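Listed here are the chains, written in short residue letters.
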Amino acid sequence: MMAEVDDAENMVTGEEVDKPKLDSMGRAYSTGKRKDAVARVWIKKGSGQITVNKKPVEKYFARPTLQMIIQQAFSTTSAENQFDVMATVKGGGLSGQAGAVRHGLSKALTIFDGEFRGALKAAGFLTRDSRVVERKKYGKPKARRSFQFSKR
């Protein structure tokens, strides 16, 4: 009876009660994309351990800039060392994969806690970067490059 009253009040005021959509293991899931890379990301409360394709993030992304890209989602929300991350990535190169993990991680954080959405949206981490490599055109060596012109 009390729950019906709360639901009715929320409908009148226009507020929705955001509850995290978690699986049976207490994880939030999301998919992130960047260039040709697709990342499937699961997060749960923990000590800050990040694994990508069953390897520690320091081994998989050896360059510090790629590690920093992944950590940006946590530093924006001030949630460092609060969540364990398990990600699987396919396609693309390392840079695109790091961007895909950050995108999926940001989306999973908003599913886990809706209060993170504002900061992540302002930083631009929830928007899928849709830039992809342009296709090669026939009669050209690359997408836009032409053969050297010879007047004679």
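The structure this text deals with has already been given above.
(A) Looking closely at the overall build of the protein. Secondary structure summary: the protein contains five helices and five strands in total. Going from N to C terminus, the protein has its helices and strands arranged as α-β-β-β-β-α-α-β-α-α. Residues classed as buried in the protein amount to 29% of the 152 residues present. Long-range contacts, defined as pairs at least 24 residues apart, comprise 67% of the intrachain contacts of the protein with a sequence gap of at least 6. Of the roughly 10500 Å² of accessible surface on the protein, a fraction of 53% belongs to carbon and sulfur atoms.

(B) Just the environment of Val41, in detail. Mapped onto the fold, Val41 is located in strand β2 (residues 37-45). Judged by relative accessible area, which is 0%, Val41 ranks as buried. With twelve residues separating them in the primary sequence, Val41 and Tyr29 have C-alpha atoms 5.7 Å apart. Setting aside residues no more than four positions away along its own chain, Val41 makes contact with Ala28, Tyr29, Ser30, Val85, Met86, Ala87, Val101, Gly104 and Leu105.

(C) Spatial organisation of the sheet that holds strand β1 (residues 28-34). Strand order in this open sheet of five strands is β1-β2-β5-β3-β4, and the pairing throughout is mixed. The sheet terminates laterally at β1 and β4 (55-56), the two strands that pair on one side only. Packing of helix α4 (residues 94-112) onto the sheet brings it into contact with β1, β2 and β5 (83-90), and relative to β1 it is tilted by some 145°.

(D) Broad picture of the side chain of His103. As for its placement among the helices and strands, His103 is situated in helix α4. What makes His103 buried here is its relative accessible area of 7%. Ignoring any residue separated from it by four or fewer positions in sequence, one finds His103 in contact with Thr31, Gly32, Lys33, Phe125, Leu126, Thr127 and Arg128.

(E) Quick look at the side chain of Ser106. As for its position among the elements, Ser106 is in helix α4. Looking at Ser106, the relative accessible area reads 0%, which means it is buried.

(F) A look at the nonpolar core. Ranked by internal contacts, the top residues of the largest apolar core, which has 30 residues, are Ile43, Phe61, Phe74, Phe83, Leu105 and Leu109. Elements with a minimum of two residues in this core: β2, β3 (50-52), α2 (57-60), α3 (64-77), β5 and α4. Here this core takes seven residues from α4, the largest share from any one element. Each residue touching Phe74, except ones within four places of it in the same chain, is listed here: Ile50, Ala79, Glu80, Phe83, Val85, Leu105 and Leu109.

Rules and cut-offs
Residues numbered from 1 in each chain as written. Predicted model: local features only at pLDDT ≥ 70, side-chain atom pairs only at ≥ 80, totals over all residues. Heavy atoms only, no water. Helix = DSSP H or I, 4+ residues; strand = E, 2+ residues; numbered from the N terminus. Buried < 20%, exposed > 50% of the residue type's maximum accessible area, 1.4 Å probe, protein only. Contact = heavy atoms within 4.5 Å. Areas by Shrake-Rupley, 256 points an atom, 1.4 Å probe, with all protein chains shown as cover. Pairing = 2+ DSSP bridges. Axes fitted to C-alpha atoms, helices over the stretch in contact; angles between N-to-C directions. Core = buried A, V, L, I, M, F, W, Y, C linked by side-chain atoms within 4.5 Å.

From the geometry alone we can't say anything about function, so treat these as descriptive.
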